[in-house]
Amino acid sequence: QGYGVSAPKEGNAQEIQYYELIARYQLLRGLKLDLKALEAAERALAAAEAAFGAASEQTAQVLNDLGFLHHGQGQQAEAEISHRRALEIRERLFASDGPAVVQSLNNLAKVYHAQGRYDEAIALFTRSLMIAERHVSATDPFIIGVLEPYAASLRAGGKLDEAQAVETRLSTIRASSTGKETDE
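Analysis parameters
- Residues numbered from 1 in each chain as written.
- Predicted model: local features only at pLDDT ≥ 70, side-chain atom pairs only at ≥ 80, totals over all residues.
- Heavy atoms only, no water.
- Phe/Tyr/Trp six-rings, centres within 6.5 Å; stacked < 30°, edge-to-face > 60°.
- Helix = DSSP H or I, 4+ residues; strand = E, 2+ residues; numbered from the N terminus.
- Buried < 20%, exposed > 50% of the residue type's maximum accessible area, 1.4 Å probe, protein only.
- Core = buried A, V, L, I, M, F, W, Y, C linked by side-chain atoms within 4.5 Å.
- Contact = heavy atoms within 4.5 Å.
- Expected span 1.5 Å × (residues − 1).

(A) Highlighting the packing of aromatic side chains. For the structure on display, the rule yields four aromatic pairs. Judged by centre distance (4.9 Å) and plane angle (75 degrees), the rings of Tyr18 and Tyr19 are edge-to-face. Centroid distance Tyr18 to Phe52: 5.0 Å. Interplanar angle 75 degrees. Geometry classified as edge-to-face. Linking Tyr18 in helix H1 (residues 13-30) with Phe52 in helix H2 (residues 34-52), this pair joins segments that are 34 residues apart in sequence. The buried category is assigned to Tyr18, whose relative accessible area is 0%. Relative accessible area serves as the criterion here: at 24%, Phe52 is assigned to the partly exposed category. An aromatic cluster is built from Tyr18, Tyr19 and Phe52, whose rings are joined through pairwise contacts.

Listed below in structure tokens is the structure:
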């Protein structure tokens, strides 16, 4: 999930609360209790900001998860706010590069897609793909996580030839990773 941080030092109550709330909302989400998970994630956000600062990767990760939960509840405006803030933090922390930035770009683009803002979604997916390709080969299965929603936004935005080209690339990547052609 992106919580690759060391365990809290003994006695740091804010960090301990943060980790407890992270565990709580992940458990609730796993149990499909999304409204309760959302409440716990909102509390985890406050704990992350108190323990690590408003511009920390821990805060960005909780914002990412909050955006995911809001998106799942159909609360696209709230999801957009969370994902946009997570992206801003990650762009500052990682110089607009790396897997965490790709994750935030993809998630914000998915919200734009859900809102019918296809051109904005396409622009973010394009940027996400360029960053991802700097870190893995153009045929790495990791790229599928960018290409699938990108193709959907292209198709929904009426860019059918471009969508077909991306879908062909997806088939090629899948075939190279499984050893056979697929029509997914």
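(B) Quick peek at the nonpolar core. One finds Leu147 and Tyr150 to be the most contacted residues of the largest nonpolar core, which totals 25 residues. For this core, the secondary-structure elements that each account for two or more residues are helix H5 (99-114), helix H6 (118-135), helix H7 (144-156) and helix H8 (160-178). It is H6 that provides the largest number of residues to this core, a total of seven residues. With residues near it in sequence (within four places) discarded, Tyr150 still touches Ile122, Phe125, Thr126, Leu129 and Val166. Listed in part, the 21 residues of the second largest apolar core include Ala41, Ala44, Leu45 and Leu66.

(C) Quick peek at H2. A rise of 1.5 Å per residue sets the reference length of H2, with its 19 residues, at 27 Å; its end C-alpha atoms lie 25 Å apart and thus fit the reference within 8%. Along H2, the positions that sit buried rather than exposed are Ala37, Leu38, Ala40, Ala41, Ala44, Leu45, Ala47 and Ala48. Looking one or two places after H2, you find Gly53, whose phi comes out positive at around 105 degrees.

Shape is all these values report; function is a separate question.
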